[in-house]
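# Coordinates in review
Now for the letters of each chain:
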Amino acid sequence: MRSGAYTELRHGAFRGDELRRGVRTGEPIVGRLRGMPGDSVPEAGPRGDRSRVSGEDYSGPYRVRRAVGTEAVPHGRRPGQRSHLLCTVPDVRDVLLDDLDARQHDAVTSGAAPLAIIAPAGSGKTRVLTRRIAYGAREGRLNPKHVLAVTFTRKAAGELVSRIGRLGVDRRITAGTFHAIALAQLRRHAAERNREPPRVLEHKARLIGPILGARGPSASVAIADIGSEIEWAKARLIGPDHYVAAAEAAGRRPARAAGDVSRVYAAYESEKRKRHLIDFDDVLGRCAEAVAHDEEFAAGQRWRFRHLFVDEFQDATPLQLRLLRAWLGTTHDLTVVGDPAQAIYGFTGADATPLIAFERTFPGGTTIVLDRNYRSTPAVVALAEVALGNAAGDRRSQPEAIRPDGAPPTITGFDDDAAEARAIADACWHAHADGVPWNRIAVLFRTNAHSSRFEAALTKRGVPFRIGEGQRFTARAPVRLLLDDLRELERTRPGLPFGQYLADLAADNPDPEQRKPEQRKPETGSDVDASGANVGPRERDAMVTTDGDATDPSERDALLELGRDYLDSVSGSGAVSEFTAWLDTAAGASTGAHGVDLVTFHRAKGLEWALVFVTGVERGMVPISWATTPESQAEERRLLHVAFSRAEEELHVSWARARLVGTRRAPREPSPWLGPLENEANRAPHGLLTRRRAPRDHLGELRATLAAASPPTPPPDRRGRLRH
């Protein structure tokens, strides 16, 4: 074969990546020449340089271009002169680059380091992260066995490894959470020095409970509050002596006085030292110290993990950033992915500043911003951006929605929370009848306490639902307290009908001012679930109420309503023990793959559904009542943005004009953000909320419009469109 023809193959219409047989083998492929054997491969190109076409070190600058029937100019013939020699190649597709948009392509192929990729909701964050690792492996920029990918949940780590494996990359990469990786390194450090591995305290409650002197179900709330404050302080690198000043500066509002928290914090640290224990927060600090002060250990870890990738970087805490810097040392091979608009874990100690100011945090760094949303319709994207406002910074621009127009979002006011729950349960039932799978529907709420209304309403309507184990109605500490009250009534007054015990529970004064202090709920997120186990920030919610009552009125009312349903099912007889067993079945969540998801705003992050109901958007709840500082208000806006951006096709927002507290109706007002949401949405080019266009500048008229609105119902053209 003449070299001229080969030269044209190299420098003509083809790119280098095009002449390879895919990402798995890296074997060379050259287009078949008409009239020549199909497996003909040139001996060498000009200067004998085959590697520039198909070698392992060659990196084509851009995506593959499919080409067929491209003319090759033989040696000695002028360009443009026809030749019998015609080169064709198969339809070659680069599985790593061919389906990326321009910004995604830049993020995957960029050689910049350190690199930050700003990935708004629905922009293909995981795709870009996995493709960047796979592309680096294919092009010889990295060795998979030297990759360390840090995620914030074990589930995310497993998904990352699985997706990279499907791209043809060796699964020997290491992926896990900060805590899991740090603990493994600490154990390795101890083993190499013949020391006893660290003993990790699995549950903070084991030490905090005795320090507080609290026992029983009512103690879990107090323990959770203290535990969350200790975790926040340690995440922010704050010791017991500096907690009071730091908490005041940050606007923290623990259920107990800051001085009491500081004393318990100090006693907790002292007790750990006596027992030679460390907790999960200590794991990060100990690992950072080991890497920083043991040069031999540091060299070994940095040799093993040469390429660092961090997902959800906006959720990293100062303690985690300290560990990350220790892992890096003097190298710069770092890629982080995140979105300042989804920074919603400030209450646990997270700080998005290193992502927002990435070039200052990591001098010499580069930032690439993904600019398209592939998840949601233009209407949903527009409304989510209005909810966000400038809470993600003035430099943010609205992502371009790629999906076609869909149904406009709705904003609906209901007479009370019970009516809201019934209407949404009915809408879920009709949506499923129109072809939407149960698991493509979600009901979102600000706090766990609001779930109980929907659990009862969905149960009555015959709609299956799914909920996390820690959120399950009968597993919550406040509900367990109510059930304990029923058992106590039965113990002290045996032989009465179950209906009498239920009436006595209903007559109990639910006034939060008369509750015992130890029965009040914390106003911040808890790091202890229903069983007292530690959970990470992804599994943590702000389990709060606007009035601070430990047995939230909505939970009490839901239990009473379920109790009345139980009486109907047993024709007026029954017993407390039988009622508790009935609850596990009647009010239990589905454990299978089918069911409407009941999820808090926080837990919804990272998930998506075709149809989403965002509920309880009322003053005092959205934003939450104690979010009084500019920083906390901005986080509440980001949280609402996260809730809205979970919707792919349809978004329905609702609020209640009253919430039942025992037998009283407590009036509520719409969130102060609802007016601007509807006003701004009306100005958007997507025609949002055209069914109920409210006056732009008069909140009173807006409320009247919302009050007269009908409940959200799925449009008639949904059938088939949402099938997946």
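The following refers to the structure shown. Just so it is clear, the model here is predicted, and its values are computed rather than measured.

### Some details on the overall build of the protein
Scanning the protein from terminus to terminus reveals 26 helices and 19 strands. Going through the 724 residues of the protein one by one, you find that 55% of them count as buried. As displayed, the protein offers around 31,000 Å² of accessible surface, 49% of which is attributable to carbon and sulfur atoms.

### Topic: the sheet that holds strand S7 (residues 307-310)
Pairing is parallel across the open sheet formed by 6 strands, whose spatial order is S6-S5-S7-S8-S4-S9. Edge positions in the sheet fall to strand S6 (174-177) and strand S9 (366-369), since each has one partner strand and no second. Put simply, the sheet's adjacent strands are angled 15 degrees from each other on average, direction ignored. Pairing of strand S4 (residues 115-118) with S9, which is carried by 4 bridges, proceeds in the parallel orientation. Following the sheet pairing, isoleucine 118 is matched in S9 by valine 369. In the packing of helix H13 (residues 318-328) onto the sheet, contacts are made with strand S5 (147-151), S7 and strand S8 (334-338), and the angle to S7 comes to roughly 160 degrees.

### Let's talk about the sheet that holds strand S16 (residues 609-614)
Pairing is parallel in the open sheet, where 6 strands are placed in the order S12-S17-S16-S13-S15-S14. Either end of the sheet is taken by a strand with one partner, and the two such strands are strand S12 (410-414) and strand S14 (465-466).

### Let's talk about the layout of surface pockets
Its boundaries defined by the atoms lining it, the second largest pocket holds a volume of some 920 Å³. Around the second largest pocket, the lining is made up of 43 residues, and of these Gly346, Phe347, Glu631, Ser632 and Glu635 lie nearest the centre. Listing elements by their share of the lining of the second largest pocket, those giving two or more residues are helix H9 (243-250), helix H14 (353-356) and helix H24 (630-644). The residue inventory of the lining of the second largest pocket, partitioned by class, reads 20 nonpolar, 12 polar and 11 charged.

### Observations regarding the nonpolar core
In terms of nonpolar packing, the biggest core is built from 37 residues, with Phe313, Leu324 and Trp327 touching the most fellow members. Taken together, the elements giving at least two residues each to this core come down to S4, S5, helix H6 (178-192), helix H11 (280-293), helix H12 (295-304), S7, H13 and S8. Counting residues per element, this core draws most heavily on H13, which supplies 7 residues. Among the nonpolar cores identified, the runner-up in size contains 35 residues, and Ala604, Ile624, Leu639 and Trp655 belong to it.

### Observations regarding helix H3 (residues 102-109)
Of the positions making up H3, those classed as buried are Gln104, His105, Ala107, Val108 and Thr109. In this fold, the buried residues of H3 make contact with S4, helix H4 (125-138) and S9. Where H3 begins, the side chain of aspartate 101 points an oxygen toward the backbone nitrogen of arginine 103, at a separation of 3.1 Å.

Rules used in this analysis
Residues numbered from 1 in each chain as written. Predicted model: local features only at pLDDT ≥ 70, side-chain atom pairs only at ≥ 80, totals over all residues. Heavy atoms only, no water. Helix = DSSP H or I, 4+ residues; strand = E, 2+ residues; numbered from the N terminus. Buried < 20%, exposed > 50% of the residue type's maximum accessible area, 1.4 Å probe, protein only. Areas by Shrake-Rupley, 256 points an atom, 1.4 Å probe, with all protein chains shown as cover. Pairing = 2+ DSSP bridges. Axes fitted to C-alpha atoms, helices over the stretch in contact; angles between N-to-C directions. Contact = heavy atoms within 4.5 Å. 1 Å grid on protein atoms, 1.4 Å probe; cavity = no way out; pocket = protein on both sides within 12 Å on 5 of 7 lines; lining within 4 Å. Points joined across faces, edges and corners; volume = space filled by probe spheres on them. Nonpolar A, V, L, I, M, F, W, Y, C, P; charged D, E, K, R; others polar. Core = buried A, V, L, I, M, F, W, Y, C linked by side-chain atoms within 4.5 Å. Polar contact = N/O pair within 3.5 Å; in protein donor to acceptor, adjacent residues only side chain to side chain.

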